[in-house]
Amino acid sequence: MQTDSVESPNFNARRHALDMLVLHYTGMESGEAALQRMCDPAAEVSAHYMVWEDGRITQLVQEDQRAWHAGVSRWQDDDDLNSRSIGIEIVNGGHDVPLPNGRLPPYPDAQIAAVIALSKDILSRHAIRPSRIVGHSDIAPARKIDPGEHFPWDRLAAEGIGYWPDLPAMSGRDGGSLLPGDTGKHVEHLQSVLRGIGYELAVDGIYSDETASIVRAFQRRWLPLQLTGHTDAGTLARIAQIHTGLEASSSS
């Protein structure tokens, strides 16, 4: 794995131990534009690495330093995730720069292979549990939707990076649904399990806009063909499946 280096000025000292990996897409028209922005002191954003479409890897910030990629975010009751994580920006226009047909631009095979190689290299140096390998949309669901529902989390998990369940998602056609505006113990249970996975939300039994955004963030990662923000039987089963699987993978 070959990595070149372009030093970004946008970093400072870590305040916490490193135990997370956060994946992003750049959401800009080109990798060059993204690189320029992450090296602009006025932008106040950066990442440790950027992975180009052809698989090239550029390091912008040393791993022992705090890059500025996560913003205001929380996961598993932790904040200041910049201090706790390594950030990888993957060159992809995403929702900001879709293809002319409106579809999301694909992640090329060479790029995903490089992301896998880089992630494995990072995991060989740092103890990062599967439940702490996340997307930007997981840790800031009200603000961010990257790396997007088109990101192949299952391919990374097959290589030992993060978690993906062995069983397929259940159909959501049978059983009831929980919808925005619903209240009660079933909503409270849903919120509790989502919080157990790591999402930051109130466990108050009210299916608020916040709860819907968290459900949508979960679906974006684990049910990418179903981005409703509603919790049908299939989504509820998938949430329980991920919660159980992440607990097992983190304790093994």
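Residues numbered from 1 in each chain as written. Predicted model: local features only at pLDDT ≥ 70, side-chain atom pairs only at ≥ 80, totals over all residues. Heavy atoms only, no water.

Going by what an unreviewed UniProt entry lists, the protein is known as N-acetylmuramoyl-L-alanine amidase and is assigned to Hyphomonas pacifica. Looking at the protein in UniProt, the text filed under Sequence similarities (unreviewed entry) is "Belongs to the N-acetylmuramoyl-L-alanine amidase 2 family." Database annotation for the protein, UniProt heading Catalytic activity (unreviewed entry): "Hydrolyzes the link between N-acetylmuramoyl residues and L-amino acid residues in certain cell-wall glycopeptides." (UniProt positions renumbered as here; feature names shortened; annotations may be inferred.)

Enquirer: Could you clarify how one ought to interpret the pairing of strand β7 (residues 85-90) in this entry?
Expert: It is a general feature of regular strands that their side chains alternate between the two faces of the sheet. With respect to burial, β7 is a largely interior element, 6 of its 6 residues being buried. Residues S85, G87 and E89 line one face of β7 and the alternating positions I86, I88 and I90 line the opposite face, and both faces are buried. Where strand β3 (residues 20-25) and β7 come together, 6 bridges link them in parallel fashion. Pairing of V22 across the sheet is with G87, part of β7. Two strands pair when backbone bridges link them, and strand β4 (residues 49-51) and β7 are joined in this way by 3 bridges, in the parallel orientation. By the bridge assignment for β7, Y49 is matched with I88. (Buried < 20%, exposed > 50% of the residue type's maximum accessible area, 1.4 Å probe, protein only. Helix = DSSP H or I, 4+ residues; strand = E, 2+ residues; numbered from the N terminus. Pairing = 2+ DSSP bridges.)

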